[in-house]
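# Reading the structure
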Amino acid sequence: MTAVAPAPAAARVVLRSRRCTAWWQLAAALGLATAGGLHVAAAVDHLSAGSLAVGFFLLTALAQAGLAAWLVLGAWAGTGAGRQLVATALLGTVCLLALYVVAHTTGLLDAFAVHDPLTGGHEHDLPGRVTTPVDPVTGVEFAQGMPLGASGPIAMDGLPGSTGGHGPEAVGTAVVAAELLTVAALAALLPASWRGRALNGLLVLGGAAWALWLTGVLG
């Protein structure tokens, strides 16, 4: 006689799987909502970097907030997010992290500099008007290599006008942490057949970033 698993036991397995998926959806939504709110704060902080920077931060925040709301509604309704949506969100979040690293460690975005007339500097676009080239995405002043704050450059120690080495500003660090949580949660939401390849791809990207940092390309 063939033993058949009791129906209640099978139902409990399905219910447990749905609860696990819902928790991962909520974790991804938390990361996305946090990153979206911080991107709004970054837009305000980088008003002097021009409309391109502000627009980029606000559009990113809107996309992240919308996806977070979708994931929360899905978790509440007991429906899982589609694999294409999860994969697209994961790829987008990884691209944002890569953009952050490139913008803060290289000069590849120098060609897109805008000129901030409020901070002073060594370049003149009009007679008697002093401007400073600023990264339109991150708000980094190219002449100083430091993130700009309301009172001028902010160095690693957080003091306006300090001339020490620069590091990621507090908002940027918080965004990275939120987006790393998002990446982990979204990877967990992928189907098992996709998850391994996604994790392998993330490991390759991490190894490539480490190699570029070791060789001095990412400084």
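Residues numbered from 1 in each chain as written. Predicted model: local features only at pLDDT ≥ 70, side-chain atom pairs only at ≥ 80, totals over all residues. Heavy atoms only, no water.

Further remarks concern the overall build of the protein chain. In terms of regular secondary structure, the protein chain is built from five helices and six strands. Helices (α) and strands (β) of the protein chain occur, in sequence order from the N terminus, as α-α-α-β-β-β-β-β-β-α-α. Counting over 219 residues, the protein chain shows a buried share of 34%. Put simply, of all contacts in the protein chain between residues at least 6 apart along the chain, 56% involve residues at least 24 apart. Total accessible area on the protein chain stands at roughly 12,600 Å², and carbon and sulfur atoms take up 71% of it. (Helix = DSSP H or I, 4+ residues; strand = E, 2+ residues; numbered from the N terminus. Buried < 20%, exposed > 50% of the residue type's maximum accessible area, 1.4 Å probe, protein only. Contact = heavy atoms within 4.5 Å. Areas by Shrake-Rupley, 256 points an atom, 1.4 Å probe, with all protein chains shown as cover.)

Moving on to helix α5 (residues 192-214). For α5, with 23 residues, the first-to-last C-alpha span of 33 Å sits near the 33 Å given by 1.5 Å per residue. Of the residues one or two after α5, Gly216 is the one with positive phi, at around 90°. (Expected span 1.5 Å × (residues − 1).)

Turning to its location among the elements, Val44 is positioned in helix α1 (residues 7-45). In sequence terms Val44 and Val54 are ten residues apart; their C-alpha atoms lie 7.3 Å from each other.

The next thing to look at is helix α4 (residues 170-189). The end-to-end C-alpha distance of α4 is 29 Å, a good match for the 28 Å that 20 residues give at a rise of 1.5 Å each. Considered for burial, the residues of α4 that qualify are Gly172, Val175, Ala178, Glu179, Thr182, Val183, Ala185, Leu186, Ala187 and Leu189.

Attention now moves to the packing of helix α3 (residues 83-105) against α4. Between α3 and α4, whose axes approach to 9 Å, the crossing angle comes to 150°. Between α3 and α4, the interaxial angle falls into the category roughly antiparallel. The element α3 and its partner α4 pack so that their crossing is left-handed. On α4, the residues that touch Val86, Ala89, Leu90, Thr93, Val94, Leu96, Leu97 and Tyr100 of α3 are Gly172, Thr173, Val176, Glu179, Leu180, Thr182, Val183, Leu186, Ala187 and Leu189. Grouping the constituent residues of the contact of α3 with α4 by class yields 13 nonpolar, four polar and one charged. (Axes fitted to C-alpha atoms, helices over the stretch in contact; angles between N-to-C directions. Parallel < 35°, antiparallel > 145°, perpendicular 65-115°, else oblique. Left-handed = near helix turned anticlockwise from the far one by under 90°. Nonpolar A, V, L, I, M, F, W, Y, C, P; charged D, E, K, R; others polar.)

It is worth spelling out the environment of Ala35 at this point. Summarising the element assignment, Ala35 is placed in helix α1. Dropping the residues within four chain positions of it, Ala35 is found in contact with Gln64, Val175, Ala178 and Glu179.

So, about the confidence of the model for the protein chain. For the protein chain, the mean per-residue pLDDT works out to 75, and 64% of the residues sit at or above 70. Note that residues 118-131 has pLDDT below 50 and, in this model, 25 contacts with residues that lie over four places away or in other chains. Within the model, pLDDT remains below 50 along residues 143-168, and this stretch shows 50 contacts once partners closer than five positions in the same chain are excluded. (pLDDT = per-residue confidence, 0-100.)

If you walk through the whole model with that rule in mind, you get one aromatic pair. Here Phe56 and Phe57 contribute two aromatic rings whose centre-to-centre distance is 5.6 Å and whose plane-to-plane angle is 65°, an arrangement assigned as edge-to-face. In this structure Phe56 comes out as partly exposed when scored by relative accessible area, which is 24%. The class for Phe57 is buried, based on a relative accessible area of 8%. Taking the ring centre of Trp194 as reference, the NZ or CZ of Arg83 above it sits at 5.3 Å. (Phe/Tyr/Trp six-rings, centres within 6.5 Å; stacked < 30°, edge-to-face > 60°. Lys NZ or Arg CZ within 6 Å of the ring centre and 35° of its normal.)

Moving on, we get to the nonpolar core. Core analysis: the biggest nonpolar cluster contains 18 residues, and Ala28, Leu71, Leu90 and Leu186 have the highest contact counts within it. Those elements that place two or more of their residues in this core are α1, α2 (51-77), α3 and α4. Apart from residues no more than four positions distant in its own chain, Leu90 is found in contact with Val183, Leu186, Ala187, Leu190 and Ala198. (Core = buried A, V, L, I, M, F, W, Y, C linked by side-chain atoms within 4.5 Å.)

Take the packing of α2 against α3 next. The contact between α2 and α3 brings their axes to 12 Å, and the two run at 150°. The crossing of α2 and α3 is left-handed. Counted together, Phe56, Thr60, Gln64, Leu67 and Trp70 of α2 and Leu85, Ala89, Leu96 and Leu99 of α3 form the full contact between these two elements. Partitioning the contact of α2 with α3 into residue classes produces seven nonpolar, two polar and no charged.

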